[in-house]
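As a plain string of letters, each chain reads:
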Amino acid sequence: MKQVVSIALAASALIVALPASAQFQKPEDAVKYRQSALSLMGAHFSRLGAMANGRVPFDAKVAQDNAALVETLSKLPWPAFVAGSDKVSNTKAKPEIWSDHGKFTQASENMMAEVAKLSTVAKTGNLDQIKVAFGNAAASCKACHDNFRQ
Ligand code: ASC
């Protein structure tokens, strides 16, 4: 039993650690990975935005599902900002990501915290609260783009 538990723990630790240890053959692969994650995050965030801004009717379940996806996706891009991956042609990543890495990490952590709050609020189904949390999350996306994206 003890062995089963420790194998299960080891397996779950591996799964949790996977994004952080994602290996990239070349810088272009890292760029593709982070752009894919950020693009998916934008797609699901926009579905929430459409409801928060009244462009589509509010559906609490859809809002909750999209907020949960955004929360999960928000954790993925960061390990893919590998050194040297600002030197490839198809990236908008600014060199400041690496030269001011503490500030970049702080900005990414702010965004993850705001989208986690948005996901929590989305579970309540309260549109007014979702609107506020969506606005805060959008501001945290923008803050990072303003400083670190070309
Ligand atoms: C989106 C999206 C972003 C953010 C940002 C918020 O829907 O794709 O990058 O919102 O525009 O300011």
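Predicted, not measured: the structure shown is a model, and the values here were computed from it.

Trainee: Help me understand the overall build of the protein in this model?
Mentor: Scanning the protein for helices and strands turns up 6 helices and 0 strands. In sequence order, the protein lays out its α and β elements as α-α-α-α-α-α. Within the protein, buried positions represent 30% of all 150 residues. Within the protein, contacts between residues at least 6 apart in sequence are counted, and of these 73% link residues at least 24 apart. Of the roughly 9,000 Å² that the protein leaves accessible, carbon and sulfur atoms contribute 60%.

Trainee: Help me understand the site of the ligand, please; the structure alone is not making it clear to me.
Mentor: Taken together, Gly42, Phe45, Ser46, Ala138, Cys141, Lys142 and His145 make up the full set of residues near the ligand. At a separation of 3.2 Å, an oxygen atom of the ligand approaches a polar side-chain atom of Ser46. Within the contact set of the ligand, an oxygen atom lies 3.1 Å away from a backbone nitrogen or oxygen of Ala138. Where the shell around the ligand is concerned, the elements lending two or more residues are α2 (27–52) and α6 (127–148). When residues of the shell around the ligand are assigned to their parent elements, the largest contribution, 4 residues, is made by α6. Of the residues in the shell around the ligand, the class split is 3 nonpolar, 3 polar and 1 charged.

Trainee: So what exactly am I meant to see when it comes to helix α5 (residues 101–122) here?
Mentor: Given 3.6 residues per turn, any residue in an α-helix points the same way as the ones three and four places further on. The end-to-end C-alpha distance of α5 is 31 Å, a good match for the 32 Å that 22 residues give at a rise of 1.5 Å each. Phe104, Ala107, Ser108, Met111, Glu114, Val115, Leu118, Ser119, Val121 and Ala122 are the residues of α5 that are buried. Projected down its long axis, α5 shows its buried positions confined to an angular sector of 165°, all on one face. Facing away from the buried side of α5, by more than 90 degrees, are the exposed residues Gly102 and Thr120.

Trainee: So what exactly am I meant to see when it comes to the nonpolar core here?
Mentor: Nonpolar side chains tend toward joint burial in soluble globular proteins. In terms of nonpolar packing, the biggest core is built from 26 residues, with Phe104 and Leu118 touching the most fellow members. Taken together, the elements giving at least two residues each to this core come down to α2, α3 (60–73), α5 and α6. With 7 residues, α5 is the largest single contributor of residues to this core. Setting aside anything within four residues of it in sequence, one finds Leu118 in contact with Phe45, Leu48, Ala67, Ile130, Ala133, Phe134 and Ala137.

Trainee: Would you explain the packing of aromatic side chains in this entry?
Mentor: By convention here, two paired aromatic rings are described through the distance between centres and the angle between planes. The tally for this structure, following the rule as stated, stands at 7 aromatic pairs. Both rings, one in Phe81 and one in Trp98, keep their centres 6.3 Å apart while their planes meet at 50°; by these two values the pair is tilted. Here Phe81 is found in the loop between α3 and α4 (96–99), whereas its partner Trp98 is found in helix α4, with 17 residues between them in sequence. Residue class for Trp98 comes out partly exposed when judged on its relative accessible area of 22%. One aromatic cluster in this structure is built from Trp78, Phe81, Trp98, Phe104 and Phe148.

Cut-off values and rules
- Residues numbered from 1 in each chain as written.
- Predicted model: local features only at pLDDT ≥ 70, side-chain atom pairs only at ≥ 80, totals over all residues.
- Heavy atoms only, no water.
- Helix = DSSP H or I, 4+ residues; strand = E, 2+ residues; numbered from the N terminus.
- Buried < 20%, exposed > 50% of the residue type's maximum accessible area, 1.4 Å probe, protein only.
- Contact = heavy atoms within 4.5 Å.
- Areas by Shrake-Rupley, 256 points an atom, 1.4 Å probe, with all protein chains shown as cover.
- Near = heavy atom within 4 Å.
- Polar contact = N/O pair within 3.5 Å; in protein donor to acceptor, adjacent residues only side chain to side chain.
- Nonpolar A, V, L, I, M, F, W, Y, C, P; charged D, E, K, R; others polar.
- Expected span 1.5 Å × (residues − 1).
- Arc of directions from axis to C-beta.
- Core = buried A, V, L, I, M, F, W, Y, C linked by side-chain atoms within 4.5 Å.
- Phe/Tyr/Trp six-rings, centres within 6.5 Å; stacked < 30°, edge-to-face > 60°.

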